[in-house]
Amino acid sequence: MRRVFGFTVLWVFLFSVALAHAQEGTVVSPIVRDLEEMEKVLYGMPQSGSVLARVEKIERDLTGDTLSGTLMERVGRLKAFILDGTKDEPSLAFKMRAIRLTLRSEPPKSGVLLAELEELERLIFGVASSDPIGVRVDRLYRTCVDPTKAASFTVLVPKETLVKIALETELNSERNEAGDPVPYVVLEDVRIEGVLVIAKNTRGQGRIVKVRRRGAFGRPGRIEIDFGTVEAVDGTPIPLTMGERAIQENKALAYAVGASIAGLAIFGPVGAVAGVFVQGEPARVEKGKEFYLEVAEDREVAGPLEVPHFEKPEEAFPSATPLPSISEESEGIEELPETEEALPEATPTPQVEIEVQPFEEW
(Lines give C-alpha, C1' and ligand atoms only; values in the text may rest on other atoms or scores of the structure.)
Protein backbone atom coordinates (compact mmCIF):
# COMPACT_ATOMS: atom_id res chain seq x y z
CA MET A 1 0.00 0.00 0.00
CA ARG A 2 2.79 2.38 0.93
CA ARG A 3 4.55 1.46 -2.29
CA VAL A 4 1.42 2.28 -4.33
CA PHE A 5 0.92 5.55 -2.42
CA GLY A 6 4.54 6.54 -2.95
CA PHE A 7 4.31 5.73 -6.63
CA THR A 8 1.15 7.85 -6.94
CA VAL A 9 2.79 10.82 -5.22
CA LEU A 10 5.84 10.51 -7.45
CA TRP A 11 3.66 10.33 -10.57
CA VAL A 12 1.68 13.41 -9.55
CA PHE A 13 4.93 15.31 -8.84
CA LEU A 14 6.47 14.38 -12.19
CA PHE A 15 3.25 15.24 -14.01
CA SER A 16 3.15 18.67 -12.32
CA VAL A 17 6.75 19.38 -13.26
CA ALA A 18 6.15 18.31 -16.85
CA LEU A 19 3.01 20.44 -17.02
CA ALA A 20 4.87 23.47 -15.66
CA HIS A 21 7.63 23.06 -18.24
CA ALA A 22 5.05 22.65 -20.97
CA GLN A 23 3.31 25.83 -19.90
CA GLU A 24 6.62 27.75 -19.80
CA GLY A 25 7.43 26.64 -23.32
CA THR A 26 3.95 27.16 -24.73
CA VAL A 27 4.08 28.61 -28.22
CA VAL A 28 1.65 31.49 -28.65
CA SER A 29 -0.45 31.16 -31.81
CA PRO A 30 0.22 33.77 -34.51
CA ILE A 31 -3.47 34.70 -34.42
CA VAL A 32 -3.15 35.55 -30.72
CA ARG A 33 0.02 37.58 -31.34
CA ASP A 34 -1.75 39.60 -34.02
CA LEU A 35 -4.76 40.13 -31.75
CA GLU A 36 -2.52 41.40 -28.97
CA GLU A 37 -0.75 43.86 -31.30
CA MET A 38 -4.09 45.23 -32.48
CA GLU A 39 -5.49 45.43 -28.95
CA LYS A 40 -2.43 47.39 -27.82
CA VAL A 41 -3.16 49.99 -30.50
CA LEU A 42 -6.89 50.21 -29.67
CA TYR A 43 -7.06 49.58 -25.94
CA GLY A 44 -3.52 50.06 -24.66
CA MET A 45 -3.10 46.42 -23.59
CA PRO A 46 -4.09 42.88 -24.65
CA GLN A 47 -7.65 41.86 -23.74
CA SER A 48 -8.98 38.67 -22.15
CA GLY A 49 -11.59 36.20 -23.35
CA SER A 50 -11.92 33.83 -26.27
CA VAL A 51 -10.32 34.65 -29.60
CA LEU A 52 -13.68 34.89 -31.35
CA ALA A 53 -15.13 37.26 -28.74
CA ARG A 54 -12.03 39.48 -28.95
CA VAL A 55 -12.19 39.57 -32.76
CA GLU A 56 -15.89 40.50 -32.71
CA LYS A 57 -15.23 43.30 -30.20
CA ILE A 58 -12.56 44.82 -32.45
CA GLU A 59 -14.83 44.54 -35.50
CA ARG A 60 -17.75 46.25 -33.75
CA ASP A 61 -15.54 49.00 -32.32
CA LEU A 62 -14.01 49.67 -35.73
CA THR A 63 -16.99 49.36 -38.07
CA GLY A 64 -20.10 49.05 -35.91
CA ASP A 65 -20.73 45.46 -37.03
CA THR A 66 -19.05 42.05 -37.34
CA LEU A 67 -17.42 40.84 -40.56
CA SER A 68 -17.94 37.70 -42.62
CA GLY A 69 -15.42 35.00 -43.48
CA THR A 70 -13.34 32.50 -41.55
CA LEU A 71 -11.72 33.53 -38.30
CA MET A 72 -8.26 33.73 -39.84
CA GLU A 73 -9.54 35.78 -42.78
CA ARG A 74 -11.21 38.22 -40.40
CA VAL A 75 -8.04 38.59 -38.32
CA GLY A 76 -6.02 39.10 -41.51
CA ARG A 77 -8.34 41.87 -42.67
CA LEU A 78 -8.28 43.56 -39.27
CA LYS A 79 -4.49 43.37 -39.19
CA ALA A 80 -4.22 45.00 -42.61
CA PHE A 81 -6.64 47.74 -41.54
CA ILE A 82 -5.11 48.48 -38.11
CA LEU A 83 -1.42 47.63 -38.40
CA ASP A 84 -0.13 47.13 -41.93
CA GLY A 85 -2.22 49.29 -44.23
CA THR A 86 -2.59 48.69 -47.95
CA LYS A 87 -1.13 50.15 -51.11
CA ASP A 88 -4.06 52.56 -51.39
CA GLU A 89 -4.85 53.31 -47.74
CA PRO A 90 -2.53 53.83 -44.74
CA SER A 91 -3.20 51.85 -41.59
CA LEU A 92 -5.15 53.13 -38.62
CA ALA A 93 -1.93 53.10 -36.55
CA PHE A 94 -0.20 55.24 -39.20
CA LYS A 95 -3.10 57.70 -39.31
CA MET A 96 -3.06 58.16 -35.53
CA ARG A 97 0.69 58.79 -35.49
CA ALA A 98 0.32 61.26 -38.37
CA ILE A 99 -2.45 63.11 -36.50
CA ARG A 100 -0.34 63.28 -33.31
CA LEU A 101 2.68 64.60 -35.19
CA THR A 102 0.62 67.17 -37.11
CA LEU A 103 -1.01 68.49 -33.93
CA ARG A 104 2.17 68.00 -31.84
CA SER A 105 0.07 66.05 -29.33
CA GLU A 106 1.06 63.17 -27.08
CA PRO A 107 -1.02 59.99 -26.69
CA PRO A 108 -2.88 59.74 -23.37
CA LYS A 109 -1.00 58.11 -20.52
CA SER A 110 -3.62 55.37 -20.36
CA GLY A 111 -2.77 54.33 -23.93
CA VAL A 112 -6.50 53.95 -24.69
CA LEU A 113 -7.30 55.08 -28.22
CA LEU A 114 -10.92 56.00 -27.39
CA ALA A 115 -9.77 58.46 -24.73
CA GLU A 116 -7.34 60.04 -27.17
CA LEU A 117 -9.98 60.27 -29.90
CA GLU A 118 -12.42 62.05 -27.60
CA GLU A 119 -9.74 64.56 -26.60
CA LEU A 120 -8.73 65.25 -30.20
CA GLU A 121 -12.32 65.50 -31.44
CA ARG A 122 -13.20 68.03 -28.74
CA LEU A 123 -10.10 70.00 -29.70
CA ILE A 124 -10.83 69.99 -33.45
CA PHE A 125 -14.63 69.67 -33.73
CA GLY A 126 -15.78 70.83 -30.30
CA VAL A 127 -17.61 67.58 -29.53
CA ALA A 128 -16.76 63.88 -29.31
CA SER A 129 -18.36 61.54 -31.84
CA SER A 130 -20.19 58.26 -31.19
CA ASP A 131 -19.32 56.81 -34.61
CA PRO A 132 -17.17 53.65 -34.96
CA ILE A 133 -13.45 54.14 -34.34
CA GLY A 134 -12.50 53.69 -37.99
CA VAL A 135 -14.79 56.50 -39.14
CA ARG A 136 -13.60 58.83 -36.38
CA VAL A 137 -9.91 58.28 -37.06
CA ASP A 138 -10.41 58.72 -40.80
CA ARG A 139 -12.37 61.96 -40.26
CA LEU A 140 -9.59 63.40 -38.06
CA TYR A 141 -6.90 62.26 -40.48
CA ARG A 142 -8.54 63.92 -43.48
CA THR A 143 -9.25 67.08 -41.50
CA CYS A 144 -5.80 67.51 -39.94
CA VAL A 145 -3.25 65.86 -42.24
CA ASP A 146 -2.30 67.17 -45.67
CA PRO A 147 -2.24 64.02 -47.86
CA THR A 148 0.56 65.44 -49.98
CA LYS A 149 2.72 65.70 -46.84
CA ALA A 150 1.47 62.61 -45.04
CA ALA A 151 4.91 61.02 -45.03
CA SER A 152 6.95 63.94 -43.66
CA PHE A 153 6.84 65.49 -40.19
CA THR A 154 9.03 67.66 -37.98
CA VAL A 155 10.10 66.20 -34.65
CA LEU A 156 12.50 67.17 -31.89
CA VAL A 157 15.64 65.03 -31.69
CA PRO A 158 16.44 65.29 -27.99
CA LYS A 159 19.86 65.65 -26.46
CA GLU A 160 21.39 62.27 -25.43
CA THR A 161 19.71 60.35 -28.27
CA LEU A 162 22.05 57.42 -28.98
CA VAL A 163 23.71 57.01 -32.40
CA LYS A 164 25.70 53.87 -33.20
CA ILE A 165 28.75 54.47 -35.39
CA ALA A 166 31.82 52.70 -36.77
CA LEU A 167 35.17 54.37 -37.43
CA GLU A 168 36.41 54.31 -41.03
CA THR A 169 40.06 54.83 -40.20
CA GLU A 170 42.62 53.52 -37.74
CA LEU A 171 43.87 55.89 -35.05
CA ASN A 172 47.18 55.67 -33.21
CA SER A 173 48.60 58.17 -30.75
CA GLU A 174 52.11 57.47 -32.05
CA ARG A 175 51.30 58.34 -35.66
CA ASN A 176 48.35 60.71 -35.69
CA GLU A 177 48.59 64.47 -35.31
CA ALA A 178 46.14 67.11 -34.11
CA GLY A 179 43.91 68.12 -37.00
CA ASP A 180 43.81 64.65 -38.62
CA PRO A 181 40.32 63.70 -39.90
CA VAL A 182 38.29 60.98 -38.16
CA PRO A 183 35.70 59.69 -40.64
CA TYR A 184 32.90 57.43 -39.38
CA VAL A 185 29.60 55.97 -40.55
CA VAL A 186 26.20 55.61 -38.82
CA LEU A 187 25.31 51.93 -38.47
CA GLU A 188 21.58 52.07 -37.62
CA ASP A 189 18.62 54.28 -38.52
CA VAL A 190 17.68 56.76 -35.78
CA ARG A 191 13.92 57.28 -35.46
CA ILE A 192 11.95 59.59 -33.20
CA GLU A 193 8.22 58.82 -32.82
CA GLY A 194 8.43 56.75 -35.99
CA VAL A 195 10.06 59.55 -37.99
CA LEU A 196 13.41 58.78 -39.62
CA VAL A 197 15.84 61.53 -38.56
CA ILE A 198 19.30 60.03 -39.21
CA ALA A 199 19.62 57.35 -41.87
CA LYS A 200 21.83 54.30 -41.71
CA ASN A 201 25.09 54.70 -43.72
CA THR A 202 25.14 58.47 -43.18
CA ARG A 203 28.77 59.56 -42.95
CA GLY A 204 30.29 62.05 -40.54
CA GLN A 205 33.79 63.37 -40.04
CA GLY A 206 35.36 64.35 -36.78
CA ARG A 207 38.88 65.52 -36.15
CA ILE A 208 41.65 64.92 -33.67
CA VAL A 209 41.90 67.86 -31.29
CA LYS A 210 44.96 66.79 -29.32
CA VAL A 211 47.38 63.88 -29.18
CA ARG A 212 49.61 62.88 -26.29
CA ARG A 213 52.38 60.39 -27.08
CA ARG A 214 53.06 57.61 -24.68
CA GLY A 215 55.80 58.55 -22.29
CA ALA A 216 58.14 57.32 -19.59
CA PHE A 217 56.90 55.71 -16.38
CA GLY A 218 54.19 53.89 -18.28
CA ARG A 219 52.33 57.05 -19.21
CA PRO A 220 49.77 55.98 -21.85
CA GLY A 221 49.09 57.79 -25.07
CA ARG A 222 45.82 59.69 -25.47
CA ILE A 223 43.77 61.00 -28.35
CA GLU A 224 41.12 63.69 -27.98
CA ILE A 225 38.47 63.52 -30.69
CA ASP A 226 35.82 66.04 -31.65
CA PHE A 227 33.17 64.00 -33.48
CA GLY A 228 31.63 67.04 -35.18
CA THR A 229 28.20 66.57 -36.75
CA VAL A 230 26.25 64.23 -39.02
CA GLU A 231 23.54 65.35 -41.42
CA ALA A 232 19.93 64.52 -40.63
CA VAL A 233 17.69 63.39 -43.49
CA ASP A 234 16.64 67.02 -44.10
CA GLY A 235 20.24 68.30 -44.02
CA THR A 236 20.16 69.59 -40.43
CA PRO A 237 23.61 69.15 -38.78
CA ILE A 238 23.33 67.00 -35.65
CA PRO A 239 26.25 67.44 -33.20
CA LEU A 240 27.53 64.19 -31.67
CA THR A 241 29.62 63.60 -28.58
CA MET A 242 30.68 60.88 -26.14
CA GLY A 243 28.42 61.75 -23.21
CA GLU A 244 27.48 59.90 -20.06
CA ARG A 245 24.63 57.99 -21.65
CA ALA A 246 26.81 56.80 -24.55
CA ILE A 247 29.51 55.68 -22.13
CA GLN A 248 26.99 53.72 -20.07
CA GLU A 249 25.59 52.09 -23.22
CA ASN A 250 29.07 51.16 -24.38
CA LYS A 251 29.79 49.63 -20.98
CA ALA A 252 26.49 47.72 -20.94
CA LEU A 253 27.16 46.24 -24.38
CA ALA A 254 30.86 45.61 -23.63
CA TYR A 255 31.82 47.85 -26.55
CA ALA A 256 35.21 49.51 -26.40
CA VAL A 257 36.95 51.86 -28.81
CA GLY A 258 39.83 49.42 -29.20
CA ALA A 259 40.70 45.92 -28.05
CA SER A 260 43.79 47.10 -26.15
CA ILE A 261 42.01 49.95 -24.36
CA ALA A 262 41.71 50.02 -20.58
CA GLY A 263 39.17 52.79 -20.20
CA LEU A 264 37.45 55.92 -21.40
CA ALA A 265 37.65 59.40 -19.85
CA ILE A 266 35.32 62.21 -20.82
CA PHE A 267 36.75 65.60 -21.67
CA GLY A 268 33.81 67.94 -21.09
CA PRO A 269 32.68 70.63 -23.54
CA VAL A 270 35.38 73.14 -24.49
CA GLY A 271 33.45 75.91 -26.16
CA ALA A 272 31.43 74.07 -28.80
CA VAL A 273 33.72 71.05 -28.75
CA ALA A 274 32.90 67.87 -26.85
CA GLY A 275 35.28 64.96 -27.23
CA VAL A 276 36.56 61.63 -25.93
CA PHE A 277 39.91 60.48 -24.65
CA VAL A 278 41.06 57.00 -25.59
CA GLN A 279 43.74 55.41 -23.43
CA GLY A 280 46.14 52.69 -24.46
CA GLU A 281 49.79 51.71 -24.69
CA PRO A 282 49.81 53.54 -27.08
CA ALA A 283 46.22 54.73 -27.63
CA ARG A 284 44.88 52.82 -30.64
CA VAL A 285 41.47 52.63 -32.28
CA GLU A 286 41.00 49.96 -34.92
CA LYS A 287 39.30 50.70 -38.21
CA GLY A 288 35.69 49.46 -38.14
CA LYS A 289 35.40 49.63 -34.35
CA GLU A 290 31.76 50.11 -33.34
CA PHE A 291 30.45 52.12 -30.40
CA TYR A 292 27.80 54.65 -29.41
CA LEU A 293 27.84 58.44 -29.48
CA GLU A 294 24.96 60.68 -28.44
CA VAL A 295 23.30 63.84 -29.71
CA ALA A 296 24.91 66.82 -27.99
CA GLU A 297 22.06 69.35 -28.35
CA ASP A 298 18.32 69.31 -29.11
CA ARG A 299 17.58 69.66 -32.83
CA GLU A 300 14.35 69.86 -34.85
CA VAL A 301 14.38 67.63 -37.92
CA ALA A 302 11.83 66.94 -40.68
CA GLY A 303 11.73 63.39 -41.94
CA PRO A 304 9.53 60.61 -43.32
CA LEU A 305 7.10 58.85 -41.01
CA GLU A 306 7.73 55.13 -41.00
CA VAL A 307 4.91 53.08 -42.47
CA PRO A 308 4.24 50.47 -39.76
CA HIS A 309 5.72 47.09 -40.62
CA PHE A 310 5.37 44.02 -38.48
CA GLU A 311 7.19 40.73 -38.76
CA LYS A 312 5.15 38.04 -40.40
CA PRO A 313 4.30 35.13 -38.09
CA GLU A 314 5.93 31.78 -38.70
CA GLU A 315 2.56 30.36 -39.77
CA ALA A 316 1.27 32.63 -42.52
CA PHE A 317 -2.43 33.37 -42.62
CA PRO A 318 -4.23 33.05 -45.93
CA SER A 319 -4.40 36.30 -47.84
CA ALA A 320 -7.50 38.25 -47.02
CA THR A 321 -9.42 41.10 -48.56
CA PRO A 322 -8.94 44.37 -46.64
CA LEU A 323 -11.85 45.87 -44.73
CA PRO A 324 -14.27 47.78 -46.93
CA SER A 325 -13.51 51.50 -46.93
CA ILE A 326 -15.31 53.34 -44.15
CA SER A 327 -14.09 56.78 -45.09
CA GLU A 328 -16.51 59.54 -45.91
CA GLU A 329 -14.43 60.48 -48.95
CA SER A 330 -12.68 58.06 -51.28
CA GLU A 331 -10.09 60.40 -52.76
CA GLY A 332 -7.20 62.52 -51.55
CA ILE A 333 -4.88 59.93 -49.96
CA GLU A 334 -1.43 59.96 -51.45
CA GLU A 335 0.02 56.55 -52.18
CA LEU A 336 2.61 55.90 -49.50
CA PRO A 337 5.80 53.99 -50.28
CA GLU A 338 6.23 50.80 -48.34
CA THR A 339 9.41 50.72 -46.29
CA GLU A 340 11.11 47.78 -44.72
CA GLU A 341 14.05 48.27 -42.42
CA ALA A 342 16.77 45.69 -42.97
CA LEU A 343 18.06 43.91 -39.92
CA PRO A 344 21.67 44.86 -39.16
CA GLU A 345 24.20 42.09 -39.56
CA ALA A 346 25.09 40.47 -36.27
CA THR A 347 28.58 41.34 -35.06
CA PRO A 348 30.44 39.56 -32.27
CA THR A 349 30.47 41.59 -29.07
CA PRO A 350 34.05 42.15 -27.86
CA GLN A 351 34.41 41.21 -24.24
CA VAL A 352 36.42 44.22 -23.13
CA GLU A 353 36.06 45.66 -19.67
CA ILE A 354 35.59 49.43 -19.70
CA GLU A 355 36.45 51.59 -16.74
CA VAL A 356 35.27 55.21 -16.63
CA GLN A 357 38.00 57.40 -15.17
CA PRO A 358 38.02 61.05 -14.13
CA PHE A 359 39.67 63.59 -16.38
CA GLU A 360 43.39 64.15 -15.74
CA GLU A 361 45.41 67.21 -16.63
CA TRP A 362 47.60 66.73 -19.67
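Cut-offs used in this document
Residues numbered from 1 in each chain as written. Predicted model: local features only at pLDDT ≥ 70, side-chain atom pairs only at ≥ 80, totals over all residues. Heavy atoms only, no water. Helix = DSSP H or I, 4+ residues; strand = E, 2+ residues; numbered from the N terminus. Buried < 20%, exposed > 50% of the residue type's maximum accessible area, 1.4 Å probe, protein only. Contact = heavy atoms within 4.5 Å. pLDDT = per-residue confidence, 0-100. Polar contact = N/O pair within 3.5 Å; in protein donor to acceptor, adjacent residues only side chain to side chain. Phe/Tyr/Trp six-rings, centres within 6.5 Å; stacked < 30°, edge-to-face > 60°.

Trainee: Let's hear about unusual backbone geometry: which residues, and what values?
Mentor: Note: most peptide bonds trans; most residues except glycine with negative phi. Phi is positive for E193, which is not a glycine, with a value near 55°. As for its placement among the helices and strands, E193 is situated in the loop between β5 (190-192) and β6 (195-198). Under the relative-accessibility criterion, E193 is labelled partly exposed at 45%.

Trainee: Now, about the environment of D146: what can you tell me, with residues and values included?
Mentor: Structurally, the position occupied by D146 is in the loop between α7 (133-144) and β1 (152-157). Each C-alpha atom, one on D146 and one on T102, is 9.0 Å from the other, the two residues being 44 residues apart in sequence.

Trainee: Which residues make up the side chain of T236, and what values go with them?
Mentor: Along the chain, the position of T236 falls in the loop between β9 (229-231) and β10 (237-241). Residue T236 is classed as buried on the basis of its relative accessible area, which comes to 17%. Discounting chain neighbours no more than four positions away, the residues touching T236 are V230, E231, R299, E300 and V301.

Trainee: Explain the confidence of the model for the chain to me, using residue names and the numbers behind them.
Mentor: Taken residue by residue, the chain gives an average pLDDT of 74. The fraction at 70 or more is 66%. Ranking the elements of the chain by mean pLDDT puts strand β11 (residues 263-270) last with 29 and helix α3 (residues 51-63) first with 94. Confidence over residues 309-319 falls short of pLDDT 50; this stretch has 15 contacts with residues more than four positions distant or in other chains. The low-confidence segment residues 327-362 (pLDDT under 50) makes 77 contacts with residues lying over four places distant or belonging to another chain.

Trainee: Let's hear about the side chain of T202: which residues, and what values?
Mentor: The topology assignment puts T202 in the loop between β6 and β7 (203-212). At a separation of 2.7 Å, a polar atom in the side chain of T202 contacts the main-chain carbonyl oxygen of A199. Beyond its immediate chain neighbours, meaning those up to four positions away, T202 contacts Y184, V185, V186, V230 and E231.

Trainee: For the packing of aromatic side chains, give the residues involved together with the corresponding values.
Mentor: The final tally for this structure, using the stated rule, is 2 aromatic pairs. With a centroid separation of 6.2 Å and 65° between ring planes, the pair formed by F227 and F291 is classed as edge-to-face. Of this pair, F227 sits in the loop between β8 (221-226) and β9 while F291 sits in strand β14 (residues 290-295), and the two are 64 residues apart along the sequence. Like F227, the residue F291 is buried in the burial classification.

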